[in-house]
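# Structural overview for review
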Amino acid sequence: MKPIVVIGSGHAGVTLIREVRQLDLKTPVILITKDKANTYYKPNLSKAISMGKSPDDLVMKCAEQVELDLGVQIVSNTVVESIDTVNGSLKINGAEGQCSIAYKDLVFAVGAAPIELPINGDAADQVLSVNTLDEYRLFRSEIKDKTNVLIIGAGFVGIEFASDLSNSDYQVDVVDMGDWPLQRSLPEELGSSIRNSFKEDTLTWHFGASVVTVNRQGEKLEVTLSTGKKLMVDVVLSAVGIKPNIQLAKEANISVNRGIVVDECLRTSHKNIYALGDCAELSGYTLPFIAPATFSAKALAKTLLGTVSELSIPNLAVAVKISTCPTVVCPSLTQGGVWDVDGESNDLIARYKNSEGQLLGFALTGKAISQKVSLLKECLSPVLTKQVELVS
Amino acid sequence: MNVVPYKKYCCVTCDLIYDEEIGFPEEGIAPGTRFEDIPDDWTCPECSASKSDFFLVE
């Protein structure tokens, strides 16, 4: 029997295999990954110091354990070089050299990569980003015995790193083009609450600014901002978002846009080839975060085993781990709404409503995060109905 | 009188612990709620894994 081949050992790939195994023990499954295939929970990378965990502590299961538990053959430290969509096979290159694997179904769970900003200077290549455990290991070794960390980006990941580091005796600078933290996800009132909750002596904000150059100055890095301001720091961390990994799919002539284009059953433009998680794009939306990948894995497992199932994602709220100001965001997929803010001091409720007054999304700070469950019930169901043109 | 001790369950995806003694008050699950009494359609508040994706912590 030809196997189901999954590319990528992140949350999407591993959860898919676990869901497949809940339904079927017989179909062979091969997991190909450029990584080591040890499992870890990626959102913990931006809060591990506060959790008292080292990079090694974050590993939940080693690859051998995953193989045993899920009845899957893992081919680690291996890249997929090309895909022959006509004959249903792929060429891989790893520790054991090149070989070819035939597949029954192929699943892209290849994730996304950090967006790299155009930065000048002789130390521009020293700017770090963290999207894998290995990158996090490097980051932790770079900040060891150091004091000053500059973070580019005040979005979900940047703000969590800012919280984690400023709680742990680091001096943090946060640089962001916008006017307040999480600007794309919540209104100014809540942004101000978050901003003011950080202690001034541990964190300095630089809004309306970007990083222009990073130069080596002895042991330190000299960072020049677009405002002309110069800062001397030890480490620069870029957290300005991710872009789906589409190159391999593109080379195989699979339809791609920002992500790998899939329909509501997570099928790509090619028969027996699917995509889920951070690399996939459905109805013009990429679906980042853990939860959509979990729901996608459940639906796709059924489809792979013969019961074609549409993805259905309920309204979801994301907790942003800011120790001084707990924050929950339920992002709206629909634009054109208006924020309506309620509450006192730092305990704020922001409702994002359309012209009919229906709730499209929300954001909560402080004690108001206890309203999450009731507001999720009030929200309109997410609309992902725009039909995707599939090339067959 | 025999009192069944409170148990803890761990999410397979994100390592979150459900402690029956503490519950998840912010999720509408009162302290003391037994794991089996949580609705089957409940999902992990951290990562949305299914209730069935929690395992008993020994």
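For the structure itself, look to the data block above.
All values derive from a computational prediction rather than experimental measurement.

With that out of the way, let us pick up the overall build of chain B. Of regular secondary structure, chain B possesses zero helices and three strands. Taken from N to C terminus, the helices and strands of chain B fall in the order β-β-β. A globule of 58 residues ought to have a C-alpha radius of gyration of about 10 Å, and chain B, at 11 Å, matches this closely. Seen through its principal axes, chain B has C-alpha atoms that stretch 40 × 25 × 15 Å. Taking all 58 residues of chain B together, the buried fraction comes to 43%. Entry remark: accessible area of chain B is about 3400 Å², with carbon and sulfur atoms responsible for 53%. Seen as two clouds, the 4 positive and the 13 negative side-chain charges of chain B have centres 7 Å apart.

Residues and elements named next belong to chain A. Taken together, three strands build an open sheet; the order of strands is β19-β21-β22 and the sheet is mixed. The sheet terminates laterally at β19 (260-262) and β22 (285-286), the two strands that pair on one side only. Here strand β21 (residues 280-282) pairs with β22 via two bridges, running antiparallel. In the strand pairing of β22, Leu-282 is matched with Tyr-285.

Take the environment of Ile-260 of chain A next. Residues and elements named next belong to chain A. Relative to the helices and strands, Ile-260 is located in strand β19. Overall, Ile-260 belongs to the buried group, its relative accessible area being 0%. When the C-alpha atoms of Ile-260 and Leu-282 are compared, they prove to be 8.4 Å apart, with 22 residues separating the residues in sequence. Every residue in contact with Ile-260, bar those within four places of it in the chain, is listed here: Phe-108, Val-110, Asn-245, Ile-246, Ala-249, Ile-254, Ser-255, Thr-268, Ala-275, Cys-279, Ala-280 and Glu-281.

Residues and elements named next belong to chain A. Most of strand β15 (residues 220-225) sits out of view: five of its six residues are buried. In this sheet, β15 lies alongside strand β14 (residues 211-217) in antiparallel orientation, the contact comprising six bridges. Within β15, the residue paired with Val-211 across the bridge is Leu-225. Two successive antiparallel strands, β14 and β15, enclose a turn made up of two residues, where Gly-218 displays a positive phi of approximately 65°.

Conventions adopted
- Residues numbered from 1 in each chain as written.
- Chains lettered and ligands numbered in written order.
- Predicted model: local features only at pLDDT ≥ 70, side-chain atom pairs only at ≥ 80, totals over all residues.
- Heavy atoms only, no water.
- Helix = DSSP H or I, 4+ residues; strand = E, 2+ residues; numbered from the N terminus.
- Rg over C-alpha atoms; globule rule 2.2 N^0.38 Å.
- Buried < 20%, exposed > 50% of the residue type's maximum accessible area, 1.4 Å probe, protein only.
- Areas by Shrake-Rupley, 256 points an atom, 1.4 Å probe, with all protein chains shown as cover.
- Lys, Arg positive; Asp, Glu negative; His and termini not counted.
- Charge placed at Lys NZ, Arg CZ, Asp CG, Glu CD.
- Pairing = 2+ DSSP bridges.
- Contact = heavy atoms within 4.5 Å.

Nothing here speaks to function; it is all geometry.
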